[in-house]
Every structure is written in C-alpha cells, then in structure tokens.
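# Per-entry structural report
Chain residues, written in single-letter form:
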Amino acid sequence: MSLDTALAQAKRSRDSFGSLPSSPSTSVPSSPNKKKHKKSKYANAPSSFAHSPLSNGINGLPSRPSSSSAPSSPSRKQLPSPSHEGGGAASAWIRDALKAVDPRILESRAALPITSGKQAIIDAVRSSDTVVILGETGSGKTTQIPQFLFEAGFASRQPVQMIGVTQPRRVAATSLARRVAVEMGQPDPAVLPNVKGKARTAAGGLVGYSIRFEDRTTRNTRVKFMTDGMVLREMIGDISPVQTSSSAMTSQTSALRSNLLLKYSVLIIDEAHERTLRTDQVLGLAKRIQRERKALRQSWIARGKPANEAEITELKIIVMSATLDANRFADFFATPSTALRANATVTDARALAAANTKQEVPILYVKGRQHDVAMFHTEEPAQEWTDAALRTVLQIHVSRPPGDILVFMTGQDEIDTLARALELYSSELPAWAEAESKPTPMSLMIAPLYAALGPSASLKVFGPTPPRTRKVVLATNIAETSITIPGIVFVVDCGLAKEKVYTPGTAVETLQVQEISQSAARQRAGRAGRERAGECYRLYTQKAFEALPLAGTPEIVRTDLAAAVLQLCAMGQDPYTFDWLDTPDPEGLQESVLQLIQLGALDIHTPPPNKEAKGEKATARLVLTGIGMKMAMLPVSPAYSRSLIAAAARGPTVARQVRDLIAVLSSDRSILVEPTDQEKREEANRAKATFVHPSGDHATLLCVLYAYLAEADKVAMLTKTRSQGSADRKVVEKEGREQLKAWCQNHYVHQKAVKNVLHIRNQLRNICRQQKLACDDDHPSTTTAELSSDDSNSDSDSESGVDRDGLFVTHKVASEERGEEDESFVGMRQSLLEGRIANAALKQPSAPNTYKRITSAAGAGSTFKIHPSSTLHPSKMARERASRQTDAILFEELVFTTQTFARTVSIIEPAWLQELATRK
Ligand code: CDP
Ligand code: MG
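Residues numbered from 1 in each chain as written. Chains lettered and ligands numbered in written order. Predicted model: local features only at pLDDT ≥ 70, side-chain atom pairs only at ≥ 80, totals over all residues. Heavy atoms only, no water.

- Going by the annotation in an unreviewed UniProt entry, the name recorded for the chain is RNA helicase, with Pseudozyma antarctica given as the source organism.
- Regarding the chain, the relevant UniProt record gives this comment under Sequence similarities (unreviewed entry): "Belongs to the DEAD box helicase family. DEAH subfamily."
- Comment text from UniProt for the chain, heading Catalytic activity (unreviewed entry), reads "ATP + H2O = ADP + phosphate + H(+)". (UniProt positions renumbered as here; feature names shortened; annotations may be inferred.)

### Description of the overall build of the chain
- Within the chain, the regular secondary structure consists of 34 helices and 24 strands.
- Relative to its full complement of 920 residues, the chain shows a buried share of 57%.
- For the chain, long-range pairs separated by at least 24 residues make up 75% of all intrachain contacts whose partners lie at least 6 apart in sequence.
- Summing over all exposed atoms, the chain offers an accessible surface of approximately 38,900 Å²; the carbon and sulfur share of this is 53%. (Helix = DSSP H or I, 4+ residues; strand = E, 2+ residues; numbered from the N terminus. Buried < 20%, exposed > 50% of the residue type's maximum accessible area, 1.4 Å probe, protein only. Contact = heavy atoms within 4.5 Å. Areas by Shrake-Rupley, 256 points an atom, 1.4 Å probe, with all protein chains shown as cover.)

### Description of the site of ligand 1
- The local shell around ligand 1 holds 15 residues, among which Gly138, Gly140, Lys141, Thr142 and Thr143 are the closest.
- One of the side-chain N or O atoms of Thr142 is found 2.6 Å from an oxygen atom in ligand 1.
- Surface burial for ligand 1 is 90%, taken as the share of its 530 Å² of free accessible area covered by protein chains.
- Among the elements of the structure, α7 (141–151) and α8 (170–183) are those that each provide at least two residues to the shell around ligand 1. (Near = heavy atom within 4 Å. Polar contact = N/O pair within 3.5 Å; in protein donor to acceptor, adjacent residues only side chain to side chain.)

### Topic: the sheet that holds strand β21 (residues 851–853)
- Reading across the sheet, the five strands line up as β21-β20-β23-β24-β22 and stay open at both edges, with mixed pairing between neighbours. With partners counted over all chains shown, the strands left at the sheet margins are β21 and β22 (865–866), one partner each.
- Bridge count between β22 and strand β24 (residues 900–907): two bridges; the pairing is parallel. Bridged to Lys865 within β24 is Phe901.
- Against the sheet, helix α32 (residues 826–835) makes contact with β20 (840–843), β23 (888–896) and β24, and its axis sits at roughly 55 degrees relative to β23, the strand it touches most. (Pairing = 2+ DSSP bridges. Axes fitted to C-alpha atoms, helices over the stretch in contact; angles between N-to-C directions.)

### Section: the packing of aromatic side chains
- All told, the structure shown has six aromatic pairs when counted by the stated rule.
- Between Tyr708 and Trp743 the ring centres are 6.2 Å apart and the planes differ by 65 degrees, which places this aromatic pair in the edge-to-face class. Of this pair, Tyr708 sits in helix α28 (residues 697–724) while Trp743 sits in helix α29 (residues 729–746); the two residues are 35 residues apart in sequence, bridging distant segments of the chain. Summarising the burial analysis for this pair, Tyr708 and Trp743 share the class buried. (Phe/Tyr/Trp six-rings, centres within 6.5 Å; stacked < 30°, edge-to-face > 60°.)

### Considerations on the environment of Leu496
- Positionally, Leu496 belongs in strand β15 (residues 496–503).
- Exposure remark for Leu496: the relative accessible area of 18% places this residue in the buried category.
- Linking Leu496 and Gly411, residues 85 residues apart in sequence, is a C-alpha distance of 9.9 Å.
- Ignoring anything within four residues of it in the chain, the contact list for Leu496 reads Trp385, Met409, Thr410, Val513, Gln514, Glu515, Ile516 and Arg524.

### Some remarks on the pairing of β24
- By the criterion of burial, β24 is predominantly enclosed, with seven of the eight residues buried.
- Where β23 and β24 come together, seven bridges link them in antiparallel fashion. What sits directly across from Leu894, in β24, is Ala902.
- The hairpin turn running from β23 into β24, its antiparallel successor, is three residues long.

### Some points on the pairing of β23
- Of all nine residues in β23, seven are buried; the element is thus mostly enclosed.
- As paired strands, β20 and β23 are joined by three bridges and run antiparallel to one another. Considered in β23, the bridge of Leu842 is made with Ala888.

### Comments concerning the nonpolar core
- Of all hydrophobic cores here, the largest spans 110 residues; its most connected members are Met235, Leu267 and Tyr708.
- Membership of the second largest hydrophobic core comes to 54 residues, among which are Ile122, Val125, Ala479 and Ile483. (Core = buried A, V, L, I, M, F, W, Y, C linked by side-chain atoms within 4.5 Å.)

### Brief notes about the sheet that holds strand β8 (residues 316–321)
- Read across the sheet, eight strands follow the order β5-β4-β6-β3-β7-β8-β2-β9 without closing on themselves; strand pairing throughout is mixed. Each edge of the open sheet is held by one strand with a lone partner, namely β5 (214–216) and β9 (363–366). Taking each pair of neighbouring strands and ignoring which way they run, the sheet shows an average axis angle of 20 degrees.
- Both strand β3 (residues 162–167) and strand β7 (residues 264–269) contribute to a ladder of five bridges, which runs parallel. When the sheet's bridge partners are listed, Gly164 is paired in β7 with Leu267.
- Across the sheet, α8 touches β3, β4 (207–211) and β6 (223–227), and the angle it forms with β4 is around 170 degrees.
- Packing of helix α13 (residues 326–334) onto the sheet brings it into contact with β2 (130–135), β8 and β9, and relative to β2 it is tilted by some 175 degrees.

The structure is reproduced here in structure tokens:
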C-alpha cells in the first residue's frame, strides 16, 4: 500500500515536508467562492479540488415531506421541569440525579433543533400507534426523543416497561447510551454489571444498553439502547433448553409471551434508512407484535378486564430516519400485517381483525440547523485515495483555520495505517515549521473510530478537543448518520465504504469496498456544517459523484439470508410470506432455506391428506427441527451454531475447543498483531511460528489463546504464592500484569483482543450451559453468576485502567478434571466442517495451488488461492519443508483483493466429506 511508502518517507527526514505548500494561506481556497486556486504541489490537495457551492441537497429539505403528516408545530415551549415516574418515592433519586447534570449539557440539549418540537412529538406518540420521525443527523432524534418520552411518563408503568431504542451498529448503541446517561445524570452504562443476577440489586442505571455478548442493564433500566440483533433475539424469546422437535413445539408456546416484547412500552427503530437486513426484520416483526398486542388488549377489555389475567399494554412504534424515505415507512406501517396470521396467540378472531386494520401514521419532520458546506472535488481521479486522504488532511491542517477534521474511510486497516502516518507527520510538524520559518501549527490529535474499537474509543472521539489542537477523526461510515461528532468543520470523503456482498449461487458472503451512493455522499458532506459553515473535500471528481447511484441498495438484496430465515422460522414465521419492506430475492431465499435444511435446522412438512379433504390447501410447510431451535438460541451464525452442536456430540473436549474457537472468530479484532512494517512483520511471523499447528489456522488460533491462558495461569499462581509471603499484594499483582503484558508483546499477541475473546468466551460458556452443551471445563462448583461477576469486575476494572483480566478470568480447571486434549484437533475440524460444508474446497489439478469449493457445480464457479497470511500458504509450507497434504481445505471467508483468496484455512480429510455426504 502506498501509504506505507508515505510513512517510510515521513520517517526518513523532515524534508518530506518540502512538498507542503510554501504559503499555506494561498494554496487552499480562502473563500468558497473563488473558482481558481493556486495549485499545490500536492497532487490532490485541497487546492486541486474543483469547487462548487453545495447544491441544496442538504440545505433545501422540504419542511413537510408528506401531505398526510401531522404538523410538527414547533411550539416555542421551554423545557418543562422534569416530571418523572408519577412523583413517588422511587422517582426522588431520579430527580436528584438530574440535579447533578452539568448545566452546560442542559444548555446544549435545549439548543438542539428537536427541542422546540418536543410537545408535538409527545402528542403524536400519544395519539398514534406508529409515528415516523425524519430529521437530519445531529438534530437530536436519538438522544432526545427517548428522554422526552421518559419525561412524559411512557416508561412509568409497573411492572417495568421500557423505552427501547434499536441501532444497527454496536458503537452507536454504546456511545449513545453513554451520552444519554450523562444527560440524565445516570451512571455510565459501560460499567454497569452485565449479569442479570447481580443487576437485581444494583441501584441507578436508568439508561442501559445491550449488545451481543454484553448486557449493561439493571432492573432500573427504563431507556435501553440495543442493536437490532439483540431485539431480534428478545423477539425469539427467552433462552430455554430444547431437546427434540416435539419439545420445540411446547417451548415455542411458552416463549410466545416474551415474543411480544411486553417489557417495552415504546420501541424506537432508529436509523431505519440504513435498511440493514436486521432492521428490516425488526420492522416487520415489530409491526406484527404491535397489532397482536392491540388485539390481545381489546379482547381483554371486551371480556371485562378479567382480574386473573395480566393486563397487556399496547406497543408504540417510532421509526426514525435521517433521509427522505419517510413515506416508505409510513405506508408500510399503515397497512395490515401479513405476518400476523402465521402464529398469533390471539384466539379472538374478531379482535384480531379489528386490530389489524389500516392505520394513520403521521410523519414528523425535524428541521435541522445546517450551515453552508463548501464542496471541493478533485480535478483528476485520485490514484491512491489513502495517499490523497493523507495529503488533504495535512493540507487542511497547515492552511485552514481551526476546526476538527472528519475523514470517511473504508475500514480498520486503512484507518490504522493513516493514523500512524498522521502521527508521524504530526511529530515532525514543529521542526518543519521552524525550518520553513512558519508559525508552529497546532497539534494534531488522531482519533480512529470503527466498530471494533469498543466503548473506550469514544472518549477521544467525543471528548472536547484540547486547546491548540486539531482533532482528526478517522472513521468508517458509522459517522455518516449513526453518530454525531461535535466540532467537525472539515470533512474528507473517499467515496467508498465496505459493504457485505453476497452472490447467490456461490453461498459466500464477502466484505467488499464499494462506491457509496449520492445520498450517502451528501450525508457525509453534511457532517461538516453542523456547528458552522464547513468544507467538504471529496477525493473524487464531480463527474464521479454524478455517476454514483442515487441511493444505496438495502442489505436484504445483497446478503446471506440464512440467519434471518432461521430466526423467522424460530418465531413461527414463514420467510416466503413474511411482511418484508422489500421482498428478498427468491433465489437467495431458497438457497438459505436449502442450506438450513442441509444443516438439519429445517424440515419440510407436508400435511396429511385428510386435511385436503376438509378443503384446506395442502401446502408444504417449513418447520424448525430441535437442532434448528437450538441453533436459533445460540447468538452466532447458523454455521457456528451448527458446528457447536456437532462438537457437543463429539464430547466435552471438542465442545470446549469449538466454543473457544468461535469466541476467537467472533471477535472483531485479530488476536495476533500483524505489523505493517516489513522488519516487524518478519519478527511477528517468527513469534507466530511457535503457535503454528500443522492442521492450519483454526488450530493455530486456538493454540494462541491456550498459550495465553497457560501464561496467565502461570502468572496468577506465581502472584498468589508471592502475595502469600511478605510481599506487598498490590505490587506483586502489578508485576504479574506487566509480566503478562510483556509476554503478549514478545509473542505479538494482541492482549486487548484476547481479553475481548475471553469476555465473549465467558458469555458463550453461559449460553452453552443453558443449552446443555457440555464442555470439559465446566466447573460444577462454580455457578454462572460467580463466573460472570468476576468477568464484569475485571471488565469494569479494565475500563478504569486497572486491567486485571487475563489474570483472573481463566477459571481453568485442573488438568486431571479435563478431558484428554485432542492434540490433532480432528474433532474440532470435523465439527467445523459440519457447520460449513459450503466452505470446503478441493485442490484443482488444472492450476497449481488453486482451490474450488466442493459445492460449486463442475466447470462453473471460480477458483481461488490460500491467502498469504495463512499458515498453510505454499510459501510458508516450503520454508518449513512441510510435506502436509493440503488437497482438501476448509476456510472461513473469501476475500477479493488482486485475486480471490481464502482466509483462515485448515486441512480436512477428503474422507470426512464422503462421510458427510452419506449422513442424510
Ligand atoms: O439522532 P440524531 O442524529 O438526530 O442526533 P443525536 O444523535 O441525538 O445527537 C444530538 C447531538 O448530541 C449531536 O449533535 C451532538 O452534539 C450531541 N452528542 C454528543 O455530544 N455526544 C454523543 N455521544 C452523541 C451526541
Ligand atoms: Mg440518531
């Protein structure tokens, strides 16, 4: 990558700044109206941007996009003094909490565009079942509306009813929950206990969040941020062990009540415009739940409110979007649900029919404050956008007035590389300025922002920029609409984003860099004009912008549907007739269904012929099997859940291995550090060699994890013995932590990533126990709560800087209690294969070192090679003079770079494939 070259140049000498503009003030447009700018020596620096004043795509939004919309009458009311939870004793602490809120926060809340529409929003939610709210990013929808509704008493019923807010992204769910907690004077949700048992006794915590593998809520939680995936999980119902297909049916009935989201009075479906597959699922299912709850309530009232039945309340739905697609959502919710007939619990047909009629769905529009954004495009297409981004940021930094910069990039790797390059340049800036006798530029503060970073990253991104410092946020498209970063004046847009791409017929999903849509490009530009007039630098030409598609494609038409199909079937829904906002591609749907049938998760039931005689249409029906129900309960992809179930059948040792491997593969980050520096990379490879398992990458990753745990145990033992002596316990513990840290550094093991894996592993451990998937490290004497409370302790410790995990979360069982370690990891690889037959491939005789998936038809389908990062890459095998048979392999994913590569690869035996083929 040429950023590396830039990095190397920067390292060489301060001369690398020779190419910076000699007079920064003249090289960059001083006024957005100047058409001609002096050319900078930088090819794609701001000076070479063709300028055009921003078209009214951002400023000129209609004030009321729908004629059927209720007026958003911006009443100029003051923020009323908070009236919470009916004024009982329980609300006193909430009032106290609010007193402690920084007055500046209250001021900034009051200044948000949405504040004037507060009453209109509350009124609309009171009078309508569903409300669509449209508003520009940053206008205050996500942070304010849950608070408005809380203050208006929407979460005051007993037993507990919450206001749920869904987010497509984890980072958004956590960062927004934390922000709202600050605004409401609540403790930081990130340090709330993530164990249900413990939560029962915790005080405070009005605001919480729930993301996969992390539940930060307490019994006091009233405003709950969660990912779409988590609310879908709640819609399936509580996790309960299911053994056979007959018991699947009974547990389905018992799970139905939780299917109705009865713990929520309001469900806010946020960022609906993103149209992720999960959001689409949530939209259809929430609509069904709303109507079902209405019917249940009406039937309860009609029967004279029988006292022996719990009162069922209705569900309010708010759909929020940052783009102009409000009518789509309003029309969807206005029409009756087609998913209701499928498995309604309501026996009262009249009530059901009455509840499932046409609805009035008002659309409210929040007019944001958007300042002018001056637009600059490159005159020539940029060769390397990463280089162009680096130059543009530096150029802005040395030539433009104060104001933070937001750079839209594609992914973690590009962001990390640019961050390093900028850090390097930044440290050389004072010397450069001195040599050029220029005033010393401000300091640069580089703040990366991508999904894998977790809550700790948000501090740097959202915190105030220190004096005489310019913050540069390097973000993926999460900063496009999901989150608003204060202080941004300059936006640099590469015009690309990583998107999941699924090609039906190949059954392989890949993350690919794609061009964004015009609508996304406008959103990105708009980020510059939140607080004052801003500037947006597009690293592409005006022509290229005009050639972009107007809007992005919903995920449902370009993704693997297997997980969604399994979830829908687990909820008794038929994926073919489900109430989709956009119907999925029938071919893709069919493929997913076949895949699930092959995995043993679904079965086709044909009704007995006597039904036909009664005049009922005899259609084949998809039914969930016992395995399918079990799979749906596991919060991992169908491939992994099937592998885990297959592993459990092979005994507790294999089950533990597969469970731990899934934890490693489910983490966003790699547990091995992969340095970009050539020299360091060699060193890292040598370190990695000590972990390499001959069967390939899966076992190697597991060996890394187990080596870490062994080291952590060693350190823990040592610490224990030493602190039992005369030594100061704190000092000994600190030394222990440092020892472990040093081990990680020496072995190029990413300690933070390992800790994240251990966290996921603990969650999976609990889930496996609940699902009766026995692992050989299950301690009969250690309860779930004990295990997890330790984990949450260590977690909050690591938040506050004292990192204790790694030392205390291992809970490794003495080896004699464990099963025999399967040194060859045969069972593990066989289990993985059972979940992913589509990812098995055979070596092709036609060309050296090429593979083809066994499921792709003869002749058709593309071939690929093993990724160079794999331990099975031919070059590494040659170096070791290894003579391993790599005729058949299993891989995790295919990536497209210059060609197609398989990543995370292991050797399998061709005989296993035959066994699987004859299984059914
Ligand atoms: O949802 P919407 O895009 O309409 O806005 P929001 O997320 O509610 O954000 C409203 C304002 O809160 C933003 O403009 C930010 O100034 C501020 N905010 C913040 O300071 N820190 C956060 N973590 C989130 C929001
Ligand atoms: Mg929002």
